[in-house]
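The residues making up each chain are set out below.
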Amino acid sequence: MIRIVNFSRENSELRWQLLQDLLSEIVESRLKPNLNTLNSILETVSMMGNIRQSKSLSLATLAEFKSLGIEPSLASYYYLLISHCKDRGPVSSILVDILNEIKGKSFTILDPKDTFFFVTAMDICRNHLQDLDLAHMVNTLLHVGNNYDLIGDSYKESVYYRHFLALKCSLEPFDTFMDFYNKLVPNIYTPEPQIMEEILKSLELHEGYEYISQLWSDMIIFDQTYRATLVSLLLSIMSNYSPTTQPSKYLKNFADIAWKIWDTIETQSEEKEKKITWTGQMLGNIIIISLKADLIDKAFMVIKKLLQSPLDILGVPDINALRLFVEYAIKEDNGVICLACIQYISDAGFPETVELATTVFEKVKLDVIQVGRLSNIVGFNVAEKSPNSKYGESLNTTTQ
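Just so we're clear, the structure is a prediction, and the values are computed from it rather than from any experiment.

K.L.:
Would you explain the overall build of the protein in this entry?
P.N.:
Along the protein, the regular secondary structure elements total 20 helices and zero strands. Out of the 400 residues belonging to the protein, those deemed buried represent 51%. When contacts within the protein are restricted to residue pairs at least 6 apart in sequence, long-range pairs at least 24 apart make up 68% of them. Per element, the accessible surface of the protein, about 20400 Å² overall, is 49% carbon and sulfur.

Here it is in structure tokens:
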């Protein structure tokens, strides 16, 4: 009867009045309340809309039953947590008081909702309090005696470790976090894509480049290589890696990963429901990663992709990626790939087209035909920019 109070009255005052009437009948009938009575009351109170009233009534109920010699179970504390730690309510530290009270105790299941305590407590540590020390206290309690039996089913266990891992990821040094990650993954917990994204962002923040190969391997195992958000983020992180300030030993590994991503996207089945669509940013990052690994031929494949399939690509690469390609192509003194990149830069409408075309003209050995193509791209005779150029007369003659 107690558990249906919330469905029998419209507001908190009427529900509490009905609950008091029911409790009075229990007393008059000389029935002895028990743990089930306590948890039924706490559940009812936790569902009341008035947060302040819910808090005070839950604490008063717990105190009253303790005076009767009825000890709470983990379900009782679970109801306290959901009464005090509402999403839109003020921050409550009741979990600290609960953990101090039950620290070191071993529990057995006395109520079906006992298995909700640990996952809810860890959720509160992460989302309500952002308190890692408290999360460690919850985890220590979980491993006391047979308490792990009360973590619930595999889904609750997964949610528990999702919260714990995410909290450690955001608050611990990355090396320390990865020590915990390696103990947990994949034997106990498999990170969901959202958590993997948080891990990659933390890696980027802490410049934990040495872990990229491992996390990429895990993404393959967890079938997350078709997640556009993860793939794009990973490419961005690898492209920002600077061998001038970091060991250059990772460059080849990063290029290998980038081109595995390329192969994965390029060979997607047309029938696949969620296909990854290339973005200009992703392709620009592959260009940067390839060039840093001295794979200019690979980078040129991306330029050709940009030229040949512009309608299949969302957006355009950053001009810095294209500028870097031009710089490498100039070092190679390769007019063909220089012109290809300048053509794309012009097609994409970058205002830097003239500047980069002039640089190519001045620094690369171009034949007359190539100079003519370059002039057509920029819309004027680039040879006129250089009065001493040997191409000027030939081009004028050709034009005539």
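K.L.:
Explain helix H3 (residues 51-67) here, please?
P.N.:
Three- or four-residue spacings in an α-helix give side chains the same orientation, since the helix completes a turn every 3.6 residues. For H3, with 17 residues, the first-to-last C-alpha span of 25 Å sits near the 24 Å given by 1.5 Å per residue. Here H3 has its buried residues at Gln 53, Ser 54, Lys 55, Leu 57, Ser 58, Thr 61, Leu 62 and Phe 65. After H3 finishes, the residue Gly 69 shows a positive phi value of roughly 85°.

K.L.:
Got a minute to help me understand the pattern of salt bridges in this structure?
P.N.:
Oppositely charged side chains can form a pair if their charged atoms are brought close together. Per the stated rule, a full pass over the model turns up nine salt bridges. Two residues, Glu 198 and Arg 126, come together in a salt bridge whose shortest N-O distance is 3.1 Å. Taken together, the positions of Glu 198 in helix H10 (residues 193-206) and Arg 126 in helix H6 (residues 117-129) put the pair 72 residues apart, joining distant regions of the chain. For Arg 126, a relative accessible area of 15% translates into the label buried. Between Lys 252 and Asp 256 there is a salt bridge, with the nearest N and O atoms lying 3.2 Å from each other. Here the residue Lys 252 and the residue Asp 256 both occupy positions in helix H13 (residues 251-266), the gap between them amounting to four residues, near one helical turn. On the accessibility criterion, Lys 252 (58% relative accessible area) is exposed.

K.L.:
Where do I start with the side chain of His 163 in this structure?
P.N.:
With respect to the helices and strands, His 163 occurs in helix H8 (residues 154-171). There is a polar contact of 3.1 Å between the side chain of His 163 and the side chain of Arg 126. Not counting chain neighbours up to four residues away, the residues in contact with His 163 comprise Val 119, Met 122, Asp 123, Arg 126 and Asn 127.

K.L.:
Would you mind showing me how to read the nonpolar core here?
P.N.:
The tendency in soluble globular proteins is for nonpolar side chains to be buried side by side. With 132 residues, the main nonpolar core has Leu 95, Phe 117, Tyr 181 and Phe 325 as its most contacted residues. At nine residues, H13 tops the list of elements feeding residues into this core. Beyond its immediate chain neighbours, meaning those up to four positions away, Phe 325 contacts Ile 287, Leu 291, Ile 296, Ala 299, Phe 300, Ile 303, Ile 337 and Cys 341.

K.L.:
Where do I start with the side chain of Asp 218 in this structure?
P.N.:
With respect to the secondary-structure elements, Asp 218 resides in helix H11 (residues 212-221). Among buried charged residues, Asp 218 stands out as having no salt bridge; its nearest opposite-charge side chain is Lys 260, 13 Å away. A polar contact is formed between the side chain of Asp 218 and the side chain of Tyr 181, at a distance of 2.5 Å. When neighbours within four sequence positions are excluded, Asp 218 is seen to be in contact with Tyr 181 and Met 196.

K.L.:
Would you take a moment to explain the packing of helix H2 (residues 35-46) against helix H4 (residues 74-84) for this structure?
P.N.:
Between two packed helices, both the angle of their axes relative to each other and the distance between the axes serve to describe the pair. Packing of H2 against H4 leaves a shortest axis separation of 9 Å and a crossing angle of 15°. Comparing their axes, H4 and H2 come out roughly parallel. The two elements H2 and H4 meet at a crossing, and its hand is left-handed. Contacts between H2 and H4 involve Leu 35, Leu 38, Asn 39, Leu 42, Glu 43, Val 45 and Ser 46 from the first element and Ala 75, Ser 76, Tyr 79, Ile 82 and Ser 83 from the second. Across the contact of H2 with H4, the residue classes break down as seven nonpolar, four polar and one charged.

K.L.:
Would you take a moment to explain the packing of aromatic side chains for this structure?
P.N.:
Here a ring pair, both rings aromatic, is described through the centre-centre distance and the interplanar angle of the planes. For the structure on display, the rule yields 17 aromatic pairs. Ring geometry for Trp 262 versus Trp 278: centroids 5.4 Å apart, planes at 45°, classification tilted. With Trp 262 in helix H13 and Trp 278 in the loop between H13 and helix H14 (280-292), this residue pair connects regions lying 16 residues apart in the sequence. Just as Trp 262 is buried, Trp 278 falls in that class too. Counting every residue linked through ring pairs, the aromatic cluster contains Tyr 160, Tyr 161, Phe 164 and Phe 180. Above the ring of Phe 116, the side-chain terminus of Lys 113 is found at 5.2 Å from the ring centroid. Its end group placed over the ring of Phe 180, Lys 168 keeps NZ or CZ at 4.7 Å from the ring centre.

K.L.:
Any chance you could explain unusual backbone geometry here in plain terms?
P.N.:
The bulk of non-glycine residues show a negative phi, and the bulk of peptide bonds are trans. With omega at 0°, the peptide bond leading from Val 185 into Pro 186 counts as cis. Looking at the secondary structure, you find Pro 186 in the loop between helix H9 (174-184) and H10. Of note in the backbone geometry, Gln 130 takes a positive phi value of approximately 50° without being a glycine. Accessibility expressed as a relative area gives 46% for Gln 130, which makes it partly exposed. Within the chain, Asp 333 stands out as a residue other than glycine whose phi angle is a positive 55°. Mapping Asp 333 onto the fold places it in the loop between helix H16 (319-331) and helix H17 (335-347).

Parameters at a glance
- Residues numbered from 1 in each chain as written.
- Predicted model: local features only at pLDDT ≥ 70, side-chain atom pairs only at ≥ 80, totals over all residues.
- Heavy atoms only, no water.
- Helix = DSSP H or I, 4+ residues; strand = E, 2+ residues; numbered from the N terminus.
- Buried < 20%, exposed > 50% of the residue type's maximum accessible area, 1.4 Å probe, protein only.
- Contact = heavy atoms within 4.5 Å.
- Areas by Shrake-Rupley, 256 points an atom, 1.4 Å probe, with all protein chains shown as cover.
- Expected span 1.5 Å × (residues − 1).
- Salt bridge = Lys/Arg side-chain N within 4 Å of Asp/Glu carboxyl O.
- Polar contact = N/O pair within 3.5 Å; in protein donor to acceptor, adjacent residues only side chain to side chain.
- Core = buried A, V, L, I, M, F, W, Y, C linked by side-chain atoms within 4.5 Å.
- Lys, Arg positive; Asp, Glu negative; His and termini not counted.
- Axes fitted to C-alpha atoms, helices over the stretch in contact; angles between N-to-C directions.
- Parallel < 35°, antiparallel > 145°, perpendicular 65-115°, else oblique.
- Left-handed = near helix turned anticlockwise from the far one by under 90°.
- Nonpolar A, V, L, I, M, F, W, Y, C, P; charged D, E, K, R; others polar.
- Phe/Tyr/Trp six-rings, centres within 6.5 Å; stacked < 30°, edge-to-face > 60°.
- Lys NZ or Arg CZ within 6 Å of the ring centre and 35° of its normal.

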